[in-house]
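# Overview (structure and organization)
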Amino acid sequence: MKELEINIEEMRQKQPLIHNITNQVVMNFTANGLYAMGAAPVMAHAKEEVADMAQIADAVVLNIGTLTKEQVEAMIIAGKSANEKGVPVVLDPVGVGATKFRTDSARQIIKEVDVSLIRGNAGEIASLADIEVKVRGVEGNAALTPYAIAKEAFGKLNIPLAITGEEDVVIDKHNLYRLRNGNPILAKVTGTGCLLTAIIASFLTVQKNPIKAAVGAISSYNIAAEMAFTKSQLPGGFQVAFLDALYEINEKKIRDGMIVECEDNN
Ligand code: ATP
Ligand code: TZP
Ligand code: MG
Ligand code: MG
C-alpha cells in the first residue's frame, strides 16, 4: 500500500475552527477533545447566527444527537451556508433508525446539504441507507458486518462514509479501508463517537479527500485510546487519560501503531 498521509501536524499548525451544531450530552467533551487534538471548537446553534458562523469556520459538524425541529432547520441553514463557501460539512446521524424523526431529519439534511462525509455506527449508517437493522437508543445492533453495510450503504447514498465500531470501515467510490485500532472501553464513554466526527472534520480542513482525512483521524484517535488504556482501565480515569493522549499523540506513534488495510471499491 502507498504510504498513507496522516496530516495531524498540518492540522495542528492550522488550528482549524470547527463549528459544531451538536447534542447537549457531548458539547463539553467535544470542545475539550478538539482543543486537546489541536483544533479550536465553537458551538453555535441559533438560526439567527449559524449561517455566519459556518462561513468563518474551517469545517462544520452537524450532529443530531438531541435534535429538535428548530435545530434541524439551523443545521440546514448552516450546511447550505458552508456549501456556498466551500467549507466542508460532516454529519453524525446519532440514533438514526431509533425514531422516525431522527431518520427523516438525517435524510432531509443529506438531501439539502452537500455533506463531505457521514460518520456513524453500523446501525445508524444502515438505517440511513434503508438497510434493515435494529437501533436501540443511540447504539446500533446490525446483523450484517460493517464491511457489508459500508458497501451497500455507499452504493445507495453515494456519500463517503466512516462506519465505526470494533473494526472501522471507511469507503468512497474508489477505495475501502479497514482499520483495527482502538479499545472497547471507548463504547463505555459517551461522546467518543461524536468527538471522533468532529476530529474527522478538523482533518478535512487540511486533507481535501474525505476518506483520507477519516483514515488519518480515526487512526490518530484510536491509537490515542490505546495509549490512554495503558494509563487507566476504568471509564472515568480513561476519559481523562484519553484527552491527555489526544494531546500527546503524534505522527510517529500513529505510523508505528496503525493497523490498516486498503482495497479497491468498484
Ligand atoms: P455507539 O453509540 O454505538 O457507541 P458511537 O457513535 O459512539 O457509537 P463508536 O462506533 O462507538 O461510535 O466509535 C467511537 C470510537 O470507538 C471509534 O474510534 C471506534 O473505532 C472506537 N470503538 C468502538 N467500539 C470499539 C471496539 N469494540 N474496539 C475498539 N474500538 C472501538
Ligand atoms: N443520547 C443522545 S446523544 C447521546 C446520547 C447518549 C450521545 C451519543 O454519543 P456517542 O458519541 O454517539 O456515543
Ligand atoms: Mg458511543
Ligand atoms: Mg454516536
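Our subject is the structure that appears above.
To start, this report covers the structure provided alongside it.

About the cut-offs
- Residues numbered from 1 in each chain as written.
- Chains lettered and ligands numbered in written order.
- Predicted model: local features only at pLDDT ≥ 70, side-chain atom pairs only at ≥ 80, totals over all residues.
- Heavy atoms only, no water.
- Helix = DSSP H or I, 4+ residues; strand = E, 2+ residues; numbered from the N terminus.
- Rg over C-alpha atoms; globule rule 2.2 N^0.38 Å.
- Contact = heavy atoms within 4.5 Å.
- Areas by Shrake-Rupley, 256 points an atom, 1.4 Å probe, with all protein chains shown as cover.
- Lys, Arg positive; Asp, Glu negative; His and termini not counted.
- Charge placed at Lys NZ, Arg CZ, Asp CG, Glu CD.
- Core = buried A, V, L, I, M, F, W, Y, C linked by side-chain atoms within 4.5 Å.
- Buried < 20%, exposed > 50% of the residue type's maximum accessible area, 1.4 Å probe, protein only.
- Near = heavy atom within 4 Å.
- Polar contact = N/O pair within 3.5 Å; in protein donor to acceptor, adjacent residues only side chain to side chain.
- Nonpolar A, V, L, I, M, F, W, Y, C, P; charged D, E, K, R; others polar.
- Pairing = 2+ DSSP bridges.
- Right-handed = clockwise from strand over helix to strand, strands pointing away.

## Some details on the overall build of the chain
When helices and strands are tallied, the chain shows eleven helices and eleven strands. Computed over its C-alpha atoms, the radius of gyration of the chain comes to 17 Å, within 12% of the 18 Å expected for a compact globule of 266 residues. Along the first, second and third principal axes, the C-alpha atoms of the chain reach 45 × 40 × 35 Å. Summarising the internal contacts of the chain: among those between residues at least 6 apart in sequence, 72% fall at separations of at least 24. Carbon and sulfur atoms make up 50% of the accessible area of the chain, which totals about 11,600 Å². Averaging the locations of the 26 positively and 32 negatively charged side chains of the chain gives two centres separated by 2 Å.

## Let's talk about the nonpolar core
Val170, Ile199, Phe242 and Leu246 are the most contacted members of the largest nonpolar core, which has 49 residues in total. Here the element with the most residues in this core is helix α9 (residues 210–231); it accounts for eleven residues. If we skip the residues at most four places from it in the chain, Phe242 touches Phe29, Leu186, Tyr221, Ala224, Ala225 and Ala228. Core analysis: the next-biggest nonpolar cluster, separate from the first, contains 40 residues, Ile125, Ile131, Phe154 and Leu161 among them.

## Some details on the site of ligand 2
The environment of ligand 2 is made up of ten residues, and the closest members are Gly65, Gly191, Thr192, Gly193 and Cys194. A distance of 3.4 Å is found between an oxygen atom of ligand 2 and a backbone nitrogen or oxygen belonging to Gly191. Between ligand 2 and the protein, one listed contact pairs an oxygen atom with a backbone N or O atom of Thr192 at 3.5 Å. For ligand 2, the protein covers 75% of the area, taking 380 Å² as the surface of the free molecule. Tallied by class, residues from the shell around ligand 2 come to four nonpolar, six polar and no charged.

## Focus: the pairing of strand β5 (residues 117–121)
Taken across its five residues, β5 has five buried, putting it largely inside the fold. A two-sided burial pattern is seen for β5, the buried positions comprising Leu117, Arg119 and Asn121 on one face and Ile118 and Gly120 on the other. Pairing of strand β4 (residues 89–92) with β5 involves two bridges; the strand directions are parallel. Bridge assignment links Val90 to a residue of β5, and that residue is Leu117. With respect to chirality, the unit in which β4 leads through helix α5 (residues 100–112) into the neighbouring parallel β5 is right-handed. Bridge count between β5 and strand β8 (residues 161–164): four bridges; the pairing is parallel.

## Considering the side chain of Asp92
Examined against the element boundaries, Asp92 turns out to sit in strand β4. Only 2.9 Å separates the side chain of Asp92 from the side chain of Arg119, close enough to count as a polar contact. There is a polar contact of 2.7 Å between the side chain of Asp92 and the side chain of Thr197. Setting aside its immediate chain neighbours within four residues, Asp92 contacts Leu62, Asn63, Ile64, Arg119, Glu124, Gly193, Cys194 and Thr197.

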